[in-house]
Amino acid sequence: MKSSDLQILLNDAKLSPEELGKRLGISGMTLRRWVKSRPGALIPQFYERALSDEIIRLWMEGRLLEDAESVKWAMTQGQSLYFEAALKNLGLSGDFLKSEMGDDRMMLCLTQIGSGEARRKQVNENLKTIKNYGKVGKGWTAKLSTLMKVIKSKKLNSMDKLIAYGALFYLICPFDLIPDSVPVFGLIDDYAILDLASDYYLKRFSKKI
């Protein structure tokens with residue numbers, strides 16, 4: 001993280017250097033010195049782990065937005081709070097990672113994700129972005145088409161659509177269990193969830209979509 005990024009973080013979180021320093025266990029004077037250093041100067045690497053974890057905490061407290069550059073940076077650092085933050089973003093509890101993950105358990109999790117009104121709204125507002133994922137490959141196109149038909153169907157009730165909403169939100173969620181920024185592996189979990197959800201609807205509701 002650069003010194004200029006630190007100033008943006010302080011502004012976004014509405015914290016003084018002293019307040020952030022107290023949370024980090026360092027002096028406000030040290031933070032002020034970093035902020036005033038030459039443009040482009042990097043924060044000492046020794047402090048990056050603590051700083052990235054603190055940024056995640058600020059986001060989880062609602063003091064930073066998920067699209068803030070500091071949050072995006074922190075999510076790429078592999079810090080200890082990543083999974084806790086990702087679960088919060090998905091609307092899941094910490095028990096998610098403690099339970100054996102079979103198909104039935106995953107469906108319950110997708111239902112829980114899709115039950116959030118704000119998450120459903122986000123899916124509805126990003127249908128064009130979701131459709132663009134079909135460019136990844138033919139398999140993606142088919143699965144996305146099935147799930148988008150589900151959420152638009154007038155033959156299915158709101159409860160029946162929750163799994164589809166959960167799967168599609170997981171796809172566009174910037175912070176899921178495997179960050180999409182991770183080469184190759186970043187989209188594997190997204191595809192697996194789309195596959196599971198689309199098969200669910202094709203087996204149970206093929207005549208309604």
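A brief look at the structure comes next. Computed from a prediction, not measured in an experiment: that's the story for all the values here.

## Section: the packing of helix H1 (residues 3–13) against helix H3 (residues 28–35)
Argument step 1. One can describe the packing of H1 onto H3 by two numbers: an axis separation of 8 Å at closest approach and a directional angle of 125°. For the element pair H1 / H3, the angle class is oblique. Mapping the contact onto sequence places Ser3, Leu6, Gln7 and Leu10 in H1 and Leu31, Trp34 and Val35 in H3.
Argument step 2. Considered class by class, the residues forming the contact of H1 with H3 number 5 nonpolar, 2 polar and no charged.

## Topic: the packing of helix H8 (residues 117–125) against helix H11 (residues 162–172)
Argument step 1. At their nearest, the axes of H8 and H11 sit 9 Å apart, and the two run at 70° to each other. Considered as vectors, H8 and H11 are oriented roughly perpendicular to each other. In the packing of H8 onto H11, the handedness of the crossing is left-handed. Residue-level inspection shows Arg119, Arg120, Gln122, Val123 and Asn124 of H8 in contact with H11, the latter providing Leu162, Tyr165, Leu168, Phe169 and Ile172.
Argument step 2. Here the contact of H8 with H11 is composed, by residue class, of 6 nonpolar, 2 polar and 2 charged.

## Brief notes about the side chain of Lys161
Argument step 1. Along the polypeptide, Lys161 turns up in the loop between helix H10 (138–152) and H11.
Argument step 2. Although Lys161 is buried, it forms no salt bridge, and the closest oppositely charged side chain is Asp160 at an N-O distance of 8.8 Å.
Argument step 3. Apart from the residues lying within four places of it in its own chain, the contact partners of Lys161 are Val150, Ile151, Lys152, Ser153, Leu156 and Tyr201.

Rules used throughout
- Residues numbered from 1 in each chain as written.
- Predicted model: local features only at pLDDT ≥ 70, side-chain atom pairs only at ≥ 80, totals over all residues.
- Heavy atoms only, no water.
- Axes fitted to C-alpha atoms, helices over the stretch in contact; angles between N-to-C directions.
- Helix = DSSP H or I, 4+ residues; strand = E, 2+ residues; numbered from the N terminus.
- Parallel < 35°, antiparallel > 145°, perpendicular 65-115°, else oblique.
- Contact = heavy atoms within 4.5 Å.
- Nonpolar A, V, L, I, M, F, W, Y, C, P; charged D, E, K, R; others polar.
- Left-handed = near helix turned anticlockwise from the far one by under 90°.
- Buried < 20%, exposed > 50% of the residue type's maximum accessible area, 1.4 Å probe, protein only.
- Lys, Arg positive; Asp, Glu negative; His and termini not counted.
- Salt bridge = Lys/Arg side-chain N within 4 Å of Asp/Glu carboxyl O.

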